[in-house]
Amino acid sequence: VPSNDLRETIVKFLARKFVRTQYKLLENMKIEDFSINPFMVMLLGLRTPEEVMDYFARSNFFKSVETSLGFYLERFLIDGHPNVEKLKEGFDARKTETGRTVELEFKSGPNDVNKTTMRQYNTDFQKKEKQNVTPILAMLYGTRDKSMAFTHAKNELAKPDEWVMIGKEVWEFVSDENQYDSKVMKWMVEAVNDLDLSNKILDQVELTVSRLAEEFEEEFGKGEEGVQKYISESMGD
C-alpha cells in the first residue's frame, strides 16, 4: 500500500521482495547447487548426510543472503531522495548539495575494506577532490571504534575523518534526517510482518536441511557409508 512518504513505499516493497527471494532460494535449493568440499567434510568430522547438509546448505544460503543484501541496503538508503542518484560506473552514488557535489562509495559493513584497497581509495579520493567532488567512503553499519576498515583508513587515507562515514552517519547524511536508519528499520519490520509468513526463516532453513539430507541419502546412501560414497565420487574414484 503506497505511503505518503515515497521512501517508505520503496523500502517496504524492496524488503518484502528481499525476504520472498530468500524463501524461494531455500525452496529451490538442490544438492548440486553447491560444491561440497570433501576435505572440509573430513576435517570437520561431518559423518552423516544430516551433518553434511546442515553445514553446506546453511553456509551456501547465508553467504547468498549476505551477498544480495548489499544491493538492497544501497536501495533502502538511496531510493526516494531526489538529490541522490545511483551511479552506473565509478563510485556508487552522488548527492548534490548547494555548493558541492558528494560521491559515495558504499561498503556493507565496517570490515569490508582491507589495507590494499584503502590505499587505492586514497589515490581515487585525491583525484575526486581535484575534480571539485567530495569523496566519501560510506560503511552502512558499524561504529568508528569497532571498525577494522576505519583503522586502515586512519593509516592509509590522507583525510580519514573527512572521507569516511560509518553507520548512522551515512543514513543521516544521505537523507538529511536524524535517526533515518531507525525509521528504515521500522519500515522493514512492518513490511516483513505484513507478509504473515508461516515459518520463520531459520525454521525454513531447518526444513530445507532435512529435505536435502533425504535427497542425499537417496542418491548416495545413509550414514557414514553414504558420506564415504559421496567423497569417493567427488574425488573421481
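Look up: the structure comes first, before these words.
As the structure is a computational prediction, the values presented were derived from the model and not from experiment.

Let us now look at the packing of helix H1 (residues 6-28) against helix H8 (residues 180-195). What describes two packed helices is the angle between their axes and the distance between those same axes. Where H1 meets H8, the axes come as close as 8 Å, and the angle between the chain directions of the two elements is 50°. Looking at the two axes, H1 sits oblique to H8. Seen along the crossing, H1 lies across H8 with a hand that is right-handed. Along the contact surface, H1 presents Arg7, Glu8, Val11, Lys12, Ala15, Arg16, Val19 and Arg20, while H8 presents Tyr180, Lys183, Val184, Trp187, Met188, Glu190, Ala191, Val192, Asp194 and Leu195.

A complete count under the given rule lists 23 salt bridges for this structure. Lys186 is the partner of Glu190 in a salt bridge, and the nearest nitrogen-oxygen pair spans 2.8 Å. A residue pair is termed a helical-turn pair when its members lie 3 or 4 positions apart in one helix, as Glu190 and Lys186 do in helix H8 at 4 residues. Exposure remark for Glu190: the relative accessible area of 26% places this residue in the partly exposed category. Residue Lys186 is classed as partly exposed on the basis of its relative accessible area, which comes to 49%. Across the salt bridge formed by Glu215 and Arg211, the nearest N and O atoms sit 3.1 Å from each other. One end of the pair, Glu215, and the other, Arg211, are both in helix H9 (residues 201-220), 4 residues apart, so they sit about a helical turn from each other. Taking the relative accessible area as the measure of exposure, Arg211 reaches 26% and is therefore partly exposed.

How each quantity is defined
- Residues numbered from 1 in each chain as written.
- Predicted model: local features only at pLDDT ≥ 70, side-chain atom pairs only at ≥ 80, totals over all residues.
- Heavy atoms only, no water.
- Axes fitted to C-alpha atoms, helices over the stretch in contact; angles between N-to-C directions.
- Helix = DSSP H or I, 4+ residues; strand = E, 2+ residues; numbered from the N terminus.
- Parallel < 35°, antiparallel > 145°, perpendicular 65-115°, else oblique.
- Left-handed = near helix turned anticlockwise from the far one by under 90°.
- Contact = heavy atoms within 4.5 Å.
- Salt bridge = Lys/Arg side-chain N within 4 Å of Asp/Glu carboxyl O.
- Buried < 20%, exposed > 50% of the residue type's maximum accessible area, 1.4 Å probe, protein only.

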